[in-house]
Structures are given as C-alpha cells and as structure tokens.
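This is what each chain is made of:
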Amino acid sequence: MRGEFSGYHSEWNLGSPGGWDYQRMAQEIGRYSWQILKDKADINIELDFEHPILNPVPAFANLLIEAHRSNFGREKPSIALVAEQETLDKVGENIHFVQYLNSLPDISAYLISPDKLELRNDQIFADNNKITLLFLDFNNNVIVRLKKRYNLKPLIKAIKMGMVINPRGMEPIGAKGVFEAITSEYKNIVNETTLRRTPWTRQFFHRSTLGPDGESIPDLIQWARDNWENIILKPVHGYSGKGIIIGHKESNRDKCIQDALNSGNYIIQRLIPLTLWSEEFPYIDKKDKSLFLKSWQTDFRCFITNKGLIGFVTRFGGIPTNVGSGGGVQSTAILRSNITAKEAIKRINEAIMSLGFDFIAQLQEQIDKKSTKMGNVYLLGPIMSTLRPRIITPGHVLSLQAYAKNLWDDALKLESLWREGKLTQYVCISKEEEEIARLNPWNGQAALIASDGLFNFVDDYD
Ligand SMILES: Nc1ncnc2c1ncn2[C@@H]1O[C@H](COP(=O)(O)OP(=O)(O)OP(=O)(O)O)[C@@H](O)[C@H]1O
Ligand SMILES: [Mg+2]
C-alpha cells in the first residue's frame, strides 16, 4: 500500500502519557520558521502544519470533556489535572493545558496535587470546586508512595468511581515486558500491524528462550554477550530514557549485564537499526560558525484514543531520544505537493543549506527567543527544535491511523488477559500497584495511549 512505512514501536505508555503541549509549541515554531525559509529560499513545496492531527491538544481536551459527559451528562465539566506538588509550578505542559481548558466556553480546570483533593458526600472537590473528571500526571507507583504520607482517600474514591483518566487498570499493559507476551505466547491474538512493529523482547535473566529469528537460545545472558552490538537493555518500568543500556555504546558488557541483573526487572530488546529511524536536518554550530547536515535519531510518539489517532509528539536527538536525555521536539508537517517525502526532504535540506550560516544563525536566534517566550523549556533548559519539520505524506497518515486503531484493540485484549492473571509474569508490579490497577479496569473506556515509534517515513516501503 502506498503510504506504508517501516519501523517499530520501542514502547507503549498507558499510564499517563505526556508531550501533547510540547508538540503544540513545536508546531508553532515549525510553522514560523518554515514560512521564513520558504519565502527566502523560494521553496516550491507545500507543507501543511494545520491539519488537526498535528496538534494533539484540542483532541486531548475533547477526550476529557467527552469522558466527563459519559458520567455527568450536561453538567458543566470541571476538570482537575492532578500532579505532584513539587511539579505544579514547574511543568509548563500542565500549566498551559489547564489555561487552555479554562479558555474554552463553560469549562473549569484546576491544577492540583493529590493530597489537596477533598471528599464530601461522595463527591470530589478541589479548592471548594466540585470536580467531575481527573487526569493524573503520574503513575500508580507514585500513588502507592504518596499514600504512605498523605490522605489519598478522595483520589482513590475518584478512581473507583471511574472519574480518573486514564483508568488505572490500563497501566500494567505499558510495562515493557508485555512486548515479550506479544512476540511469543500471544503473537496470534494481536493484529498483524502490531506484531510486525513490535521488536523482539524478552525479560532479562538466566533462561532458555527463542531468539529474534525463532532460533533456540540455551542461555539468554550468554546470548546477550554474544550479540552485544545488536541489543538494548531497558528497565521494565523505565521512563525518560533512564537506565537504558545500548549494547554497542558500552564496552564493558559484563559489568552492564551484571548491573541489569542486579537491579532486576530488565528486558532485552533487539536494537532497531539506527539508520532506519535517523534523518538528516540542517544544523548550525555557533562556535564553528558552520552550517551542515546533521543526522539525528527520531522518535515518533503516536497518541491513540477510543476515537483513533489524535496526534503525535515528534522528537529527535541521540540515543535515547528523550527530552529528559537531552533530545528536542520538532514540528511535523504533511506533504501536500505531489512528490515523494524523500524528494521533498532533499530539496528542503538543500534550500536551507543554500541560505548560508549568517542567515540561519539569525533565524535560529529568533526561534530560540520565541521558544523561551512561549515557555518551551524543560528541566534541562530551552527545548531544541529543528530547522525543518519531520515530513509525512497523506498516505502515511492513513497507515498510521490503521496502525493506531489496531493497537488500541490489541491493548484492550491484553488488558483483559492481564485481569485474568495471564500476563502477571510479563508485567512485574508490586502488590500495592496491582491493587490500584484493579480499582478501575479499563474495558475500552476513554483514555490516551502513547506508542513511541522508531519509524522511517523517508524510504519507499514495499
Ligand atoms: N529497541 C530499540 N532499538 C534502538 N533504540 C531504542 C530501542 N528502544 C529504545 N530505544 C531508544 O531509547 C529511547 C527511549 O526508549 P523507550 O521509549 O523504550 O524508553 P523510555 O525510557 O520509557 O522513554 P519515554 O520517556 O518515552 O517513556 C528511544 O527514543 C530510542 O532512542
Ligand atoms: Mg519512549
């Protein structure tokens, strides 16, 4: 099919996926620089930055509003974004999103820490305002930790009443060990698009198992040693690229393997060939006063809801490609001219390069200023962007939509298996976390899933 693309997802996040507002800002910055570059270099290519699928914020807000309606009908939505106390004045994404919700007609929104919620006559209150829906910006392990210090009865009640998005019962399916279930025991229950895009994954301990090509592996640890250049080790419940061990970057394999075994709860995954998900972008080095094409790794987070695909977060950087590990967020545009993505990228890269260092350095300065003014900053400082967007075609959008729908269906099947106790060995969570998850099973209710794609939209795929 035209518009098919190659690549794999590196993980799924079903607990509390973020990044929607960083993408909104990246789109604004991307649109701004594209207009300047297009005019200056006279680039005869049409790019679309406006398609609703390129800005996940309104669709995410709709998801919350509709979830509210299914509980409270026509009552006015009153939404609490619940985040840990110490993040309330720091995480721009949450602050902006609450501002956005408040800018919509007939909606109130509050940013609040979980210990400040109140319970009166079986209703939830935040600062004396009745709440009808809560979005949690943390995972179940944080609830377990905070429960030891604070009265979280109101939050627990809200979870039980089905007022919390995402339903807490979804999170176990985001454990990275679940990819082992998909690439072994349960490969026959998932859709072809899910199976094809799930990299071979195994929980990492001394064991025999089947390898990526179905070959028999007598001892997985020895196999990891022998295949060190082509594997990656990741904590089952990792985030922000933390604790990831990339075989070919580490010379002391025995120490790395021992570290992973000691900390327990690691998976081994096939390394997705780096050239597959890297792309060249014009880049300036201010110190050297040079403008050149730089190859970045990319990470294409797809946001998926009960309505299907609602947007992306498109990241770039090294490996791991997380903003928390020094990466950036770039804009994405849909190619409207009748040429291939490869051709468009080549021509746009060349056009930007032809403008020379001085012009681009000036533009970069404007972009950085705009970025800081918008609050496009993370814990490490201003978030990097690229001079041109990631480019996908209308055909890619169709393929991504089909992929997303299948993924939602498959996650749902997996959740039902988990509830039946059939995925316990792949999920590995504490008793307390399991209790939280079982308070509110998912069952396909409104929710936001993120699937992080290491995808290639440049080369034609047959
Ligand atoms: N199988 C793989 N092959 C190659 N690189 C990988 C693979 N898995 C992960 N990576 C690299 O590590 C990064 C983070 O991986 P992943 O999304 O699995 O972990 P995470 O720490 O949970 O991240 P997040 O912050 O997105 O939750 C990816 O963006 C990619 O750069
Ligand atoms: Mg990720």
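The rules we used
Residues numbered from 1 in each chain as written. Chains lettered and ligands numbered in written order. Predicted model: local features only at pLDDT ≥ 70, side-chain atom pairs only at ≥ 80, totals over all residues. Heavy atoms only, no water. Near = heavy atom within 4 Å. Polar contact = N/O pair within 3.5 Å; in protein donor to acceptor, adjacent residues only side chain to side chain. Areas by Shrake-Rupley, 256 points an atom, 1.4 Å probe, with all protein chains shown as cover. Helix = DSSP H or I, 4+ residues; strand = E, 2+ residues; numbered from the N terminus. Nonpolar A, V, L, I, M, F, W, Y, C, P; charged D, E, K, R; others polar. Salt bridge = Lys/Arg side-chain N within 4 Å of Asp/Glu carboxyl O. Buried < 20%, exposed > 50% of the residue type's maximum accessible area, 1.4 Å probe, protein only. Core = buried A, V, L, I, M, F, W, Y, C linked by side-chain atoms within 4.5 Å. Expected span 1.5 Å × (residues − 1). Contact = heavy atoms within 4.5 Å. Donors = N, O, S within 2.8 Å, 3.2 Å for Na, K, Ca; no water. Pairing = 2+ DSSP bridges. Axes fitted to C-alpha atoms, helices over the stretch in contact; angles between N-to-C directions. Phe/Tyr/Trp six-rings, centres within 6.5 Å; stacked < 30°, edge-to-face > 60°.

(A) Just the site of ligand 1, in detail. By nearness alone, 24 residues border ligand 1, and Lys234, Ser240, Gly241, Asp299 and Thr321 come closest of all. In the model, an oxygen atom of ligand 1 is placed 2.6 Å from a nitrogen or oxygen of the glycine 241 main chain. One of the side-chain nitrogen or oxygen atoms of arginine 315 is found 3.4 Å away from an oxygen atom of ligand 1. Against a free-state accessible area of 620 Å², the protein chains account for coverage of 97% of ligand 1. Elements supplying a minimum of two residues to the shell around ligand 1: β1 (6-13), β13 (231-235), β15 (266-270), β17 (290-305) and β24 (449-456). In the shell around ligand 1, the residues fall into 9 nonpolar, 7 polar and 8 charged.

(B) Expanded view of the pattern of salt bridges. Enumeration according to the criterion identifies 35 salt bridges in this entry. A salt bridge links aspartate 89 to lysine 90; the shortest N-O distance between them is 3.7 Å. The class for lysine 90 is exposed, based on a relative accessible area of 54%. Lysine 255 is the partner of aspartate 259 in a salt bridge, and the nearest nitrogen-oxygen pair spans 2.8 Å. Of this pair, aspartate 259 and lysine 255 both sit in helix α9 (residues 253-263), 4 residues apart, roughly one helical turn.

(C) Here's a closer look at the nonpolar core. Among the nonpolar cores identified, the biggest contains 57 residues, and Trp20, Leu47, Phe60, Leu64, Phe97, Ile348 and Ile360 are the most heavily contacted of them. If you look at the next biggest cluster of nonpolar residues, it comprises 42 residues, including Phe5, Ala181, Ile392 and Leu400.

(D) Spatial organisation of helix α11 (residues 356-374). With 19 residues, α11 ought to run about 27 Å at 1.5 Å a step, and its terminal C-alpha atoms sit 27 Å apart, in line with that. What α11 keeps buried is the set Phe357, Phe359, Ile360, Ala361, Leu363, Gln364, Ile367, Ser371 and Met374. Considering only its buried residues, α11 is in contact with α1 (20-41), α3 (92-103), β16 (278-285), β17 and α10 (341-354). Looking at the residues trailing α11, positive phi occurs at glycine 375, about 80°.

(E) How the structure looks around the coordination of the magnesium ion (ligand 2). The magnesium ion (ligand 2) binds to the protein through Glu11 (OE) and Asp452 (OD), with metal-donor distances spanning 2.0 Å. With glutamate 11 in strand β1 and aspartate 452 in strand β24, the pair connects residues that are 441 residues apart, well separated along the chain. Taking the relative accessible area as the measure of exposure, aspartate 452 reaches 2% and is therefore buried.

(F) How the structure looks around the sheet that holds strand β2 (residues 47-48). Strand order in this open sheet of 3 strands is β2-β20-β23, and the pairing throughout is mixed. Two strands lie at the open edges of the sheet, namely β2 and β23 (390-392), each paired on one side alone. Summarising the sheet, β2 and strand β20 (residues 332-335) pair through 2 bridges and their orientation is antiparallel. Bridge pairing links aspartate 48 to isoleucine 334 in β20. Along the sheet, helix α12 (residues 394-419) contacts β20 and β23; its crossing angle with β23, the most-contacted strand, is approximately 80°.

(G) Summary view of the packing of aromatic side chains. One pass over the structure, following the stated rule, counts 19 aromatic pairs. Centroid distance phenylalanine 300 to phenylalanine 455: 6.3 Å. Interplanar angle 45°. Geometry classified as tilted. Pair noted here: phenylalanine 300 is in strand β17 and phenylalanine 455 is in strand β24, with a separation of 155 residues, a long-range link. Assessed through its relative accessible area of 0%, phenylalanine 455 is described here as buried. Linked through ring pairs, Phe5, Phe300, Phe312, Tyr403, Phe455 and Phe457 together constitute an aromatic cluster.

(H) Quick peek at the sheet that holds strand β5 (residues 118-120). Sheet architecture is open: 3 strands sit in the order β5-β6-β7, paired in antiparallel fashion. Here the strands that pair on one side only, and so sit at the sheet edges, are β5 and β7 (129-131). On average, each strand axis in the sheet is tilted by 45° relative to the strand beside it, whichever way the strands run. Relative to β7, strand β6 (residues 123-126) runs antiparallel, the two sharing 3 bridges.

(I) Examining the side chain of lysine 176 more closely. Turning to its location among the elements, lysine 176 is positioned in the loop between β9 (164-165) and α6 (178-182). Among the residues examined, lysine 176 registers a relative accessible area of 8% and is labelled buried. Here glycine 238 takes part through its backbone oxygen, which lies 2.9 Å from a polar atom of the side chain of lysine 176. Residue contacts for lysine 176: discarding those within four places in its chain leaves Glu11, Thr201, Lys234, Pro235, Val236, Gly238 and Ile267.

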